[in-house]
Amino acid sequence: MKVLIVDDEKLALSRLKRLLTEQGIEDIIECDSSIKAITEVAKQKIDIAFLDISMPSMSGLELANNLLEIDSSIFIVFQTAYEEYALEAFESGGMDYILKPISSESIKKSLDKIYKYTDKVLDETKKIVAKRGNKIYLIDINDIYYIKADLDEVIIKIKNADAYLRKKIGDMENILKGKNFFRVHRSYIVNVDKIKSMQSVEQSKLEISFNDIDDIVTSSKDGAKEFREYIESRTL
């Protein structure tokens, strides 16, 4: 999950970054002006943008309109000390509205709201859009064998192809929560329904084989222990 935070006050930026980090957000981009924020969104994929409303030269409301023109999928969360902006904030495409001083609880509520929305969309569509070169894949999650971390992207393995998605593997773990996918290694998530067999190897790790493909995924030691417990809990 890549998060953009925009505020012309350095102390406010620092506080917001700390609160987001406490909620497990690691990929945070800080901007102290609207112009810098527009530049960042134009050059990379942003999932959530926390925007201060009262800023010089361009307000957060105007900035939201600019960002959504570049990428309409960004979740916008406004932050301000003034309640009277609430209606305008939601009319400008805001997913949520946080009053300053911002608290850990208000950040958690906003993130939970976004996570629930993305889970609902996935439940309804059960599709993930990924690509390889110029080719775009609309992937049913049931067709995924495993997912592998690759820098700031993930590789999604389906039967006849590898497709790429600009997400962190931790984001994919959250997206697929409750869908019978399991993270067996810091770099791998497997579709339990696609597993053919498992074999214990050195250091109590597991080698995982899949139906219909020759790939093998090796778990970490801790991942193997947790995965065995997960399997046992589902088969009792």
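See above for the structure.
Right, let's walk through the structure included here. (Residues numbered from 1 in each chain as written. Predicted model: local features only at pLDDT ≥ 70, side-chain atom pairs only at ≥ 80, totals over all residues. Heavy atoms only, no water.)

Describing the environment of Phe 78
Stage number 1. By the secondary structure assignment, Phe 78 is in strand 4 (residues 75–80).
Stage number 2. Put simply, Phe 78 and Ser 233 are 155 residues apart on the chain and 42 Å apart in space, counted from C-alpha to C-alpha. (Helix = DSSP H or I, 4+ residues; strand = E, 2+ residues; numbered from the N terminus.)

A word on the pattern of salt bridges
Stage number 1. Tallied over the entire structure, the rule returns 16 salt bridges.
Stage number 2. Between Arg 18 and Glu 22 there is a salt bridge, and its shortest N-O distance comes to 3.1 Å. Placement of the pair is Arg 18 and Glu 22 together in helix 1 (residues 10–22), with a separation of four residues, close to one helical turn.
Stage number 3. Asp 47 serves as the salt-bridge partner of Lys 167, at 2.9 Å between the closest nitrogen and oxygen. Placement of the pair is Lys 167 in the loop between strand 10 (161–165) and helix 6 (169–175) and Asp 47 in the loop between helix 2 (34–43) and strand 3 (48–52), with a sequence separation of 120 residues. The residues Lys 167 and Asp 47 share a single accessibility class, namely buried.
Stage number 4. Sharing partners across several salt bridges, the network here consists of Asp 7, Asp 52 and Lys 100. (Salt bridge = Lys/Arg side-chain N within 4 Å of Asp/Glu carboxyl O. Buried < 20%, exposed > 50% of the residue type's maximum accessible area, 1.4 Å probe, protein only.)

Thoughts on the environment of Val 6
Stage number 1. Considering the arrangement of structural elements, one finds Val 6 in strand 1 (residues 2–6).
Stage number 2. Residue Val 6 is classed as buried on the basis of its relative accessible area, which comes to 0%.
Stage number 3. Measuring from C-alpha to C-alpha, the distance between Val 6 and Leu 99 comes to 15 Å, with 93 residues separating the pair along the chain.
Stage number 4. In contact with Val 6, other than residues within four places in its own chain, are Leu 13, Cys 31, Ser 33, Ser 34, Ala 37, Phe 50, Leu 51, Asp 52, Met 55, Leu 63 and Gln 79. (Contact = heavy atoms within 4.5 Å.)

A few points about a nonpolar patch on the surface
Stage number 1. A contiguous nonpolar patch, built from Val 129, Ile 136 and Leu 138 and spanning about 330 Å² of accessible area, is present on the exposed surface.
Stage number 2. Along the chain, the position of Leu 138 falls in strand 7 (residues 135–140). (Patch = residues over 30% accessible without salt bridge, like charges linked within 9 Å, V, L, I, M, F, W, Y side chains within 5 Å. Areas by Shrake-Rupley, 256 points an atom, 1.4 Å probe, with all protein chains shown as cover.)

Quick word on the sheet that holds strand 3
Pairing between the strands of a sheet is mediated by backbone hydrogen bonds and can be parallel or antiparallel.
Stage number 1. Taken in spatial order, the five strands make up an open sheet running 2-1-3-4-5, and their pairing is parallel. Looking along the sheet, the strands with just one partner apiece sit at the ends: strand 2 (27–31) and strand 5 (94–99). Strand-to-strand twist across the sheet, computed as the mean angle between neighbouring axes with direction ignored, equals 20°.
Stage number 2. Of the pairings in the sheet, the one linking strand 1 to strand 2 comprises five bridges and is parallel in character. (Pairing = 2+ DSSP bridges. Axes fitted to C-alpha atoms, helices over the stretch in contact; angles between N-to-C directions.)

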